[in-house]
Amino acid sequence: MEALPCLPGCGAPTIPGEVSSRACPYYGARWLLALVKGALHLVHAPVGCAYYGGSVRGKAYRMLSTALDEKEIIFGSEAKLARAIREAVRLFPEAGAIFVYGCCAAGLTGTDIDGICTAARRRTGRPVVPVGCAGFAGTSQGDGHAIAAAALVRFLVGRAPPDTAAPYDVNVLGEFNNGGDLGEIEDLLGRLGLRVRCAFTGKADITALAGAHHARLNLVHCRRTGGPLAEAMAKEYGIPHLPVNFFGLAATAASLRETAARFGRERMAEEIIRAATTEAAPVLESVRRHVTGLRVGLYFGASRVGMMAAAFRELGMDVVFAGAQFGLAEDYAAAGAHMTVGGRLKDDASQWQLEDFLLRERPDLFVGGTRERFLAHKYGVPFMVFPQKGKPYAGFNGFVNFARDIVKALRAPVWQFIPGRWAHVLGD
Ligand code: SF4
């Protein structure tokens with residue numbers, strides 16, 4: 001195994017007319033903000049944008065929309081937005097904040113969303129947060145993460161009064177609690193005596209966000225969503241940050257050690273790691289017997305592609321393809337470091353390119369988002385969804401779940417109906 005020398009070009013704007021799965025900055029902002037509890041979400045756009053951003057990670061969230069029509073796009077929509085904010089506050093007086101998403105139509109017509117939000121903040125006495133995330137504000141969903149992060153730090157973080165009783169508080173940035181991952185992470189940190197004050201945004205309500213600047217350390221779990229937040233909070237409040245990875249036994253142990261070292265709790269970390277690895281060893285050994293040498297392709301998000309490549313490698317699997325919808329060079333470098341020689345890295349793959357990979361290379365397992373599931377199944381390739389649903393993959397217990405799920409996906413009885421292909425997997 002060697003680092004791949006050739007990284008794909010990435011981050012360039014999509015060529016008009018090409019079908020891309022990168023999503024738009026507005027969807028990236030939704031990805032980060034949809035989970036914030038106690039806030040209203042108002043989309044200033046034709047109703048299609050609200051429909052598009054209404055469901056995030058497969059879950060539907062309440063959305064309000066100004067539902068712009070042609071007349072308002074031509075003659076202006078500022079009065080309508082001000083009215084909509086007033087109506088939203090009247091209908092939902094308990095709302096602690098309002099996010100106002102400015103989409104393409106509002107951006108193209110020059111609607112003064114910032115000015116309207118400023119006036120509404122004064123009038124309502126609560127944060128009315130402009131999120132300028134029109135489709136043309138960036139090249140992908142990733143740019144929307146940065147826009148949303150800046151809005152959170154500017155309008156919500158730091159509003160709570162000083163709190164000196166938090167010497168062991170941390171924030172987790174870029175963690176969305178898929179399948180209960182955050183619970184595992186909180187439990188591990190809790191055993192070190194650390195408290196998760198706010199997770200952006202898996203555990204983020206208006207109060208937690210207001211006091212997040214009191215944390216002593218920011219742990220960055222997803223670089224693409226957490227990185228901009230970490231930098232903004234370091235600049236604004238001087239909070240140091242540490243990149244962590246809780247996917248995989250080795251990565252979890254390393255992250256725990258580094259976190260513990262910041263608080264002088266190294267011995268506690270060693271005890272936790274020793275107990276957890278001893279407990280996980282028998283299951284992982286048995287899984288390795290089934291999966292070592294099998295070939296896997298990955299296609300999802302961005303920075304987690306490197307984390308997951310390392311996790312599959314830890315189980316002895318060969319990562320032969322790794323791609324992301326909006327990865328950066330460092331994401332591909334991280335994935336490439338855990339891939340088989342000759343494996344392919346692909347940025348923003350089209351459906352045709354994924355099909356080509358499935359048909360030509362016939363991997364033993366493909367891992368992707370919900371969209372890729374049907375493609376893999378149509379070509380008779382076992383599939384795992386990631387980010388996962390149902391159970392945690394993070395931490396020591398999560399890695400055991402992950403390993404078991406791989407075996408379950410590979411050994412599903414349905415594959416016996418594909419003659420010959422799966423004999424090496426179903427054999428023993
Ligand atoms: S590209 Fe523009 S119009 Fe399309 S969903 Fe994104 S913000 Fe809305």
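Structure shown above.
Read on for an overview of the structure. (Residues numbered from 1 in each chain as written. Predicted model: local features only at pLDDT ≥ 70, side-chain atom pairs only at ≥ 80, totals over all residues. Heavy atoms only, no water.)

1. Overview of the side chain of S21
Counting through the fold element by element, S21 comes out in the segment before α1 (25-33). When its relative accessible area of 16% is taken as the criterion, S21 is described as buried. A polar contact of 3.4 Å, which involves the side chain of S21, links it to the side chain of Y299. With sequence-adjacent residues up to four places away left out, S21 is seen in contact with Y299, Q325, D348, A349 and R371. (Helix = DSSP H or I, 4+ residues; strand = E, 2+ residues; numbered from the N terminus. Buried < 20%, exposed > 50% of the residue type's maximum accessible area, 1.4 Å probe, protein only. Polar contact = N/O pair within 3.5 Å; in protein donor to acceptor, adjacent residues only side chain to side chain. Contact = heavy atoms within 4.5 Å.)

2. With respect to the site of the ligand
Contacts to the ligand come from C24, Y26, C49, Y52, C103, C104 and G135. Considered class by class, the residues forming the shell around the ligand number 6 nonpolar, 1 polar and no charged. (Near = heavy atom within 4 Å. Nonpolar A, V, L, I, M, F, W, Y, C, P; charged D, E, K, R; others polar.)

3. So, the pattern of salt bridges
Scanning the model with the defined rule gives 17 salt bridges in all. Two residues, D169 and R197, come together in a salt bridge whose shortest N-O distance is 2.8 Å. Of this pair, D169 sits in strand β7 (residues 169-175) while R197 sits in strand β8 (residues 195-201), and the two are 28 residues apart along the sequence. Under the relative-accessibility criterion, D169 is labelled buried at 4%. With relative accessibility at 17%, the residue R197 sits in the buried group. The shortest N-O distance in the salt bridge between R313 and D318 comes to 2.8 Å. According to the relative accessible area criterion, R313 is partly exposed, its value standing at 27%. A single salt-bridge network, built from bridges that share partners, covers R22, D347 and D348. (Salt bridge = Lys/Arg side-chain N within 4 Å of Asp/Glu carboxyl O.)

4. Some points on the sheet that holds strand β11 (residues 295-299)
With parallel pairing, 5 strands are arranged side by side in an open sheet as β13-β12-β11-β14-β15. Only two strands of the sheet have a single partner each, and these edge strands are β13 (344-347) and β15 (383-385). Across the sheet, the axes of successive neighbouring strands diverge by a mean angle of 15 degrees, strand direction being ignored. Examined bridge by bridge, β11 and strand β14 (residues 365-368) share 4 bridges and lie parallel to one another. (Pairing = 2+ DSSP bridges. Axes fitted to C-alpha atoms, helices over the stretch in contact; angles between N-to-C directions.)

5. Re the environment of E186
You can see E186 is positioned in helix α8 (residues 181-191). Separated by 10 residues in the primary sequence, E186 and V196 have C-alpha atoms spaced 6.4 Å apart.

6. What about the pairing of strand β5 (residues 97-102)?
A large share of β5 lies buried, amounting to 6 of its 6 residues. Burial along β5 is two-sided: the face carrying A97, F99 and Y101 and the face carrying I98, V100 and G102 are both buried. Both strand β1 (residues 39-44) and β5 contribute to a ladder of 6 bridges, which runs parallel. Within β5, the position partnered with V43 by the bridge is Y101. Bridge count between β5 and strand β6 (residues 128-132): 5 bridges; the pairing is parallel. Within the sheet, the bridge partner assigned to G102 lies in β6 and is G132.

7. Section: the packing of aromatic side chains
Taken as a whole and judged by the stated rule, the model has 13 aromatic pairs. Look at F357 and F366: their rings are 5.9 Å apart centre to centre, the planes differ by 45 degrees, and that puts the pair in the tilted class. For the pair shown, F357 and F366 are each scored as buried. In this structure an aromatic cluster arises from ring pairing among Y26, Y27, W31, Y52 and Y101. Sitting over the ring of W31, R57 keeps its end group 4.2 Å from the ring centre. (Phe/Tyr/Trp six-rings, centres within 6.5 Å; stacked < 30°, edge-to-face > 60°. Lys NZ or Arg CZ within 6 Å of the ring centre and 35° of its normal.)

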